[in-house]
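Report on the structure
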Amino acid sequence: MNKERPISGYIMGMDDYEIKMIKLIADGFTHIEIGEKLNLKTSKVLNLRKNLISKTRTKISLH
C-alpha cells in the first residue's frame, strides 16, 4: 500500500504550519505575532522557524 502525502502543503517537505509561517514571515510579522495568529507558543514558532531555515538552506535571517 503506497501512502501519498496530501496535495495541499508539502512543498520542499514542509507541512501546512511551515508554509503558513513562511507567508507570515514574508508579510513582516514577528515571531510573537505569528504565534498569536497560529495559536502557538513563541518557543514553538522559534523552533519551526529554525527548522525552516534548515530546510530552505537560508543563510541570513533578519528576525
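See above for the structure.
Residues numbered from 1 in each chain as written. Predicted model: local features only at pLDDT ≥ 70, side-chain atom pairs only at ≥ 80, totals over all residues. Heavy atoms only, no water.

1. Quick look at the overall build of the protein
If you tally the helices and strands in the protein, you get three helices and zero strands. In the protein, the succession of helices and strands from N to C terminus is α-α-α. Here the protein holds 63 residues, and the buried ones make up 22% of them. For the protein, restricting intrachain contacts to residue pairs at least 6 apart in sequence, the fraction spanning at least 24 positions comes to 40%. With an accessible surface of roughly 5300 Å², the protein has 54% of that area assigned to carbon and sulfur atoms. (Helix = DSSP H or I, 4+ residues; strand = E, 2+ residues; numbered from the N terminus. Buried < 20%, exposed > 50% of the residue type's maximum accessible area, 1.4 Å probe, protein only. Contact = heavy atoms within 4.5 Å. Areas by Shrake-Rupley, 256 points an atom, 1.4 Å probe, with all protein chains shown as cover.)

2. Some points on the packing of helix α2 (residues 31-38) against helix α3 (residues 42-56)
Contact pair α2 / α3: the axes reach a minimum separation of 9 Å and the direction vectors enclose 110°. Classified by the angle between their axes, α2 and α3 sit roughly perpendicular to one another. Of α3, the residues touching α2 (which contributes H31, I32, I34 and G35) are T42, V45 and L46. (Axes fitted to C-alpha atoms, helices over the stretch in contact; angles between N-to-C directions. Parallel < 35°, antiparallel > 145°, perpendicular 65-115°, else oblique.)

3. With respect to the side chain of E18
In this fold, E18 is placed in helix α1 (residues 16-26). Classification of E18 by relative accessible area gives buried; the value is 5%. At 3.0 Å, the side chain of E18 and the side chain of K55 are in polar contact. Ignoring any residue separated from it by four or fewer positions in sequence, one finds E18 in contact with G13, L48, N51, L52 and K55. (Polar contact = N/O pair within 3.5 Å; in protein donor to acceptor, adjacent residues only side chain to side chain.)

4. Considerations on the pattern of salt bridges
Summed over all chains, the structure comprises one salt bridge. Notably, a salt bridge pairs E18 with K55, separated by 3.0 Å at the nearest N-O pair. Taken together, the residues E18 in helix α1 and K55 in helix α3 connect sequence positions 37 residues apart. Of the residues examined, K55 reaches a relative accessible area of 35% and is grouped as partly exposed. (Salt bridge = Lys/Arg side-chain N within 4 Å of Asp/Glu carboxyl O.)

5. What to know about α1
Residues of α1 that are buried: E18, I19, M21 and L24. Lining the buried residues of α1 we find α2 and α3. Looking one or two residues beyond α1, the residue adopting positive phi is G28, at roughly 90°.

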